[in-house]
Amino acid sequence: MTITQASARTSTARAPTPRRRVPLEPYLYLLPHALLFFLFTVYPIGYGLYISLHRWDLLNPVKAFVGSEFYRNLFTPGTPQADFFWKTLWNTTFFTMVSVPLLLFAALGLALLLHRPIFGRIFFRAVFFMPGILTVSVMGILWRWMFDNQIGLVNAAREVLLGAPPIPWLSTEGLAWVPIVIGTVWWTVGFNMTLYLAALGNVPISLYEAASLDGATPWQSFRFITLPLLAPVTLFVFVTTALASFQLFGQSLLITNGGPSRSTQSVIQYITEEGFTNAQYSSAAAMGFVFGLIMLIFTAAQFGLMARDVKGGEG
Amino acid sequence: MTGAAPTTARRVRRRMPRDLPRFVLLCVLALIFLAPVYWMISTSFKTEADAISLPVQWIPTRPTLDNYREVLTSPDGNILRWTGNSLYVALAFTVLHVGLCALTAYPLARMRFPGRNAWFWFILSSLMIPGIVTLIPTYIMMLNFDWINSYHALIWPGLSGVFGVFLLRQFFLGIPRELEEAARLDGANSLQILWRIILPLSVPSLATLAVFAFMGSWNNFLWPLFTVTDVDKMTLPVGITTFSQRYVTEYGKLMAATTLAAVPALIAYLLAQRFLEAGLSTTGLKE
């Protein structure tokens, strides 16, 4: 690099590299990550498709081509794959529908309680955020035990406070969702609360002052100033929380192990069971693609929603 | 809820009584949030008989360290070893990931070359692909590489992630050109510019990325659960799960084990609290 080249560069405004033959340097920087990207992101997608179209048996070196058999299985009622795949997909959807609104409202509520100055604010923020740093296994073991039929704290508290008999939370269909949902809210609400606190901090105070001069009640300021200004962060929280909820795995695995009778098994747990426990790799790969496609459509729809909302907000 | 306090005088007079219910509510919620963690720690110091006795013992009447002693010397698994494994994997991953992302983001943000935008959008589009799609094929690849039960399986596949590239590129774009040009006049090559100018100016975003990479690797559960089945190679989240399967009715020991598993994260959080929450509230929401 000579000085004349460099000074020539400064004179061409906004063009850091002078027009010359294609430089090698940028590509060398990109190379290490690009190799890993092709090996562990691009290639596995094609390889997974290949696996799902063949009968993959680790012990048999010949992987017979079976075409769409494993996909057709998923859409043929009566096969265990079809029954359990759609059942666990519904379980996961149910969990998402229940947990997302809770995680939105609880996070907003906590953020509203904490955003104006109050004694011990930093402490409270830390307390609500802290469970999220625990690994899913600590969280799962803890909540399985909180709702334990015999000696769980929840049943003990019912006994002491209400004199009520213990409820077999973990082994009752329907009720088994309670510890999973409560555990998840406890575990992740702090992240969303932090996002809401950041957004509340950005609302200009002058808006509230103007509103109060006009005689607005606190509820009116909240309804007509705070809520509309929180719309973008709410959409963001909604999208990220919904996507995370569809990835449900560790909570239900560790708290109920998917039971009773698969009523809380998540679709990801079922796919791993089919793949790793039953060694049905091709079938599991096919399920991965079908679930992946559903997620992709869902994600695309939400990104579309976000893009539209951002545009609408600017206009 | 917010605002609507007409004069300063009234605001001051009103603050205490008006804030009191809010404060009490926060205290109740904080107690509810802390109860499970307190219960876990408290039980870890109880004898087995006290752990399951009714009515519940809020404070251990006969506190003991036996649970910790037994868990730490258990032949079924070594918590310290799992912690070491987690630390090694998470540190190696973080260093490699931040380095790779910086190398990739640098030309994407600061150089002009054919295909720059195409490559950026190509790798960025992979964020849309759900991880479940590559789970089985990547697992088969690990089998083929003979990487099952090796740290390689826990480190390398995740390094192809692109969110960090995006994060750093956005930050690098904002660094003023003048600094770079002055360095070029002084004869610096691009690697020197990256090392001496870009990276030092990007410490906040590098630190944010590092914290998230470390946390992501430390808390990773599904992938290590299936790729590492050898007890000595397990990471902490997976190892502690095997403990819970063996000690399912020995609550004192189980809670001592989970308490030990939670301690590194709690310490790290107390040290990095500001970084963590600041990083979270800006990442992803920044324009």
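Every chain is numbered on its own, with residues counted from 1 as its sequence reads. Starting at A for chains and at 1 for ligands, labels are handed out in the order in which the entities are written. pLDDT decides what is reported in this predicted model: residues at 70 or higher carry local features, side-chain atom pairs at 80 or more are listed and counted, and totals for whole chains, interfaces and linings draw on all residues regardless. To obtain the side-chain values, all non-hydrogen atoms of the structure were included, while hydrogens and water were left out.

The name given to chain B in an unreviewed UniProt entry is Carbohydrate ABC transporter permease, with the source organism recorded as Deinococcus radiopugnans ATCC 19172. Here is the UniProt Sequence similarities (unreviewed entry) comment for chain B, exactly as written: "Belongs to the binding-protein-dependent transport system permease family." As its UniProt record puts it under Subcellular location (unreviewed entry), chain B is described as follows: "Cell membrane". UniProt positions are given in the numbering used here, feature names are shortened, and annotations may be inferred rather than shown by experiment.

Chain A is annotated in an unreviewed UniProt entry as Multiple sugar transport system permease protein from Deinococcus radiopugnans ATCC 19172. Regarding chain A, the UniProt comment filed under Sequence similarities (unreviewed entry) reads as follows: "Belongs to the binding-protein-dependent transport system permease family."

Turning next to the overall build of chain A. A count of helical and extended segments in chain A gives 13 helices and zero strands. Helix and strand assignments come from DSSP, with helices taken as H or I runs of at least 4 residues and strands as E runs of at least 2, each series counted from the N terminus. Going from N to C terminus, chain A has its helices and strands arranged as α-α-α-α-α-α-α-α-α-α-α-α-α. Here the C-alpha radius of gyration of chain A, 26 Å, is well above what a compact globule of 315 residues would show, namely 20 Å. The proportion of buried residues among the 315 residues of chain A is 51%. Put simply, chain A shows about 14,800 Å² of open surface, and 68% of that area lies on carbon and sulfur atoms. All radius of gyration figures rest on C-alpha atoms, and the globule criterion is 2.2 Å times the number of residues raised to 0.38. Note on exposure labels: buried denotes an accessible area under 20% of the residue type's maximum, exposed denotes more than 50%, and partly exposed covers the range between, all computed with a 1.4 Å probe on protein chains only. Surface accessibility follows the Shrake-Rupley procedure with a 1.4 Å probe radius. Residue values consider only the protein chains on display as shielding.

To continue, consider the UniProt feature "transmembrane region" (unreviewed entry) in chain A. Residue and element names in this part refer to chain A. Annotation from UniProt places "transmembrane region" (unreviewed entry) at residues 27-50, 94-114, 126-146, 176-203, 224-249 and 284-305. A distance of 22 Å separates the end C-alpha atoms of residues 126-146, which is 71% helix and 0% strand. Taken end to end, residues 284-305 comprises 100% helix and 0% strand; its first and last C-alpha atoms sit 31 Å apart.

A few words now on the packing of aromatic side chains. Aromatic rings from Phe, Tyr and Trp, with only the six-membered ring used for Trp, were paired whenever their centres fell within 6.5 Å, and each pair was classed as stacked if the ring planes differed by under 30 degrees, edge-to-face if by over 60, and tilted otherwise. Per the counting criterion, the structure on display carries 44 aromatic pairs over all chains. Taking the centre distance of 6.2 Å and the plane angle of 25 degrees together, the rings of A:Trp145 and B:Tyr251 count as stacked. With A:Trp145 in helix α6 (residues 136-146) and B:Tyr251 in helix α14 (residues 251-282), the pair connects residues from two separate chains. With a relative accessible area of 2%, A:Trp145 lands in the buried category. B:Tyr251 gets classed as buried once you look at its relative accessible area, which sits at 9%. Between B:Tyr88 and B:Tyr151 the ring centres are 5.2 Å apart and the planes differ by 50 degrees, which places this aromatic pair in the tilted class. Linking B:Tyr88 in helix α4 (residues 79-110) with B:Tyr151 in helix α7 (residues 151-155), this pair joins segments that are 63 residues apart in sequence. A connected cluster of aromatic rings, assembled from ring pairs, spans A:Phe249, A:Phe276, A:Tyr281, B:Tyr139, B:Phe221 and B:Phe226. Counted as over-ring charges are cases with an Arg CZ or a Lys NZ within 6 Å of the ring centre that also lie within 35 degrees of the ring normal. Across the ring face of A:Trp56, the terminal group of A:Lys63 is positioned such that the distance to the ring centre comes to 4.8 Å. Taking the ring centre of B:Phe120 as reference, the NZ or CZ of B:Arg169 above it sits at 3.9 Å.

Residues and elements named next belong to chain B. Mapped onto this numbering, the UniProt entry gives "transmembrane region" (unreviewed entry) at residues 20-41, 87-106, 118-142, 154-172, 193-215 and 254-272. Spanning residues 87-106, this segment combines 100% helix with 0% strand, and its end C-alpha atoms are found 28 Å apart. For residues 154-172, the helix share is 63%, the strand share is 0%, and the end-to-end C-alpha distance is 29 Å.

Glancing now at the UniProt feature "domain: ABC transmembrane type-1" (unreviewed entry) in chain B. On the UniProt side, "domain: ABC transmembrane type-1" (unreviewed entry) is annotated at positions that read residues 83-272 of chain B here. Along residues 83-272 of chain B the backbone is 76% helical and 0% strand, and the end-to-end C-alpha distance reaches 19 Å.

Looking now at the packing of helix α10 (residues 190-201) of chain B against helix α11 (residues 203-219) of chain B. Helix packing for two helices is described by the angle between their axes and how far apart those axes are. Residue and element names in this part refer to chain B. Inter-axis angles, ranging from 0 to 180 degrees, are taken between N-to-C directions of lines fitted to C-alpha atoms, where helices are fitted over the stretch in contact. Contact geometry for α10 and α11: axes closest at 5 Å, N-to-C directions at 70 degrees. Here α10 is positioned roughly perpendicular relative to α11, judged by the angle of their axes. Across the interface between the two elements, Leu-199, Pro-200 and Leu-201 of α10 pack against Val-203, Pro-204 and Leu-206 of α11. Note that Gly is not counted as nonpolar here; it falls among the polar residues with everything else outside the nonpolar set of Ala, Val, Leu, Ile, Met, Phe, Trp, Tyr, Cys and Pro and the charged set of Asp, Glu, Lys and Arg. Residue composition of the contact of α10 with α11, grouped by class: six nonpolar, no polar and no charged. We call two directions roughly parallel when the angle between them is under 35 degrees, roughly antiparallel when it is over 145, roughly perpendicular when it lies between 65 and 115, and oblique otherwise. By definition in these notes, contact holds between two residues if any of their heavy atoms fall within 4.5 Å.

Bringing unusual backbone geometry into the picture now. Cis rather than trans, the peptide bond between A:Gly259 and A:Pro260 has omega equal to -10 degrees. Among the secondary structure elements, A:Pro260 is positioned in the loop between α11 (250-255) and α12 (267-277). Of note, A:Asn257 is a non-glycine position whose phi angle comes to about 50 degrees, a positive value. If you trace the backbone, A:Asn257 turns up in the loop between α11 and α12. Unusually for a residue other than glycine, B:Asp146 sits at a positive phi of about 60 degrees. For B:Asp146, a relative accessible area of 65% corresponds to the exposed category.

Our next topic: the packing of α12(A) against helix α6 (residues 132-145) of chain B. Where α12(A) meets α6(B), the closest approach of the two axes is 11 Å, and the angle between their N-to-C directions is 20 degrees. In terms of orientation, α12(A) and α6(B) fall into the roughly parallel class. α12(A) and α6(B) meet at a crossing whose hand is right-handed. Across the interface between the two elements, A:Ile268, A:Ile271, A:Thr272, A:Gly275 and A:Phe276 from α12(A) touch B:Ile132, B:Leu135, B:Ile136 and B:Tyr139 from α6(B). A breakdown of the residues in the contact of α12(A) with α6(B) according to their chemical character gives seven nonpolar, two polar and no charged. Helix crossings are classified by the rotation of the near helix relative to the far one: an anticlockwise turn of less than a right angle makes the crossing left-handed, while a clockwise turn makes it right-handed.

Attention now goes to a nonpolar patch on the surface. In this scheme, patches are assembled from residues that exceed 30% relative accessible area and form no salt bridge. Like charges are connected within 9 Å, while nonpolar side chains (Val, Leu, Ile, Met, Phe, Trp, Tyr) are connected within 5 Å. Here, a salt bridge means any Lys or Arg side-chain nitrogen found within 4 Å of an Asp or Glu carboxyl oxygen. A grouping of A:Leu24, A:Leu28, A:Leu31 and A:Leu35 is seen on the molecular surface, where their side chains present a nonpolar patch of about 420 Å² in accessible area. Its place among the elements puts A:Leu28 in helix α2 (residues 25-52).

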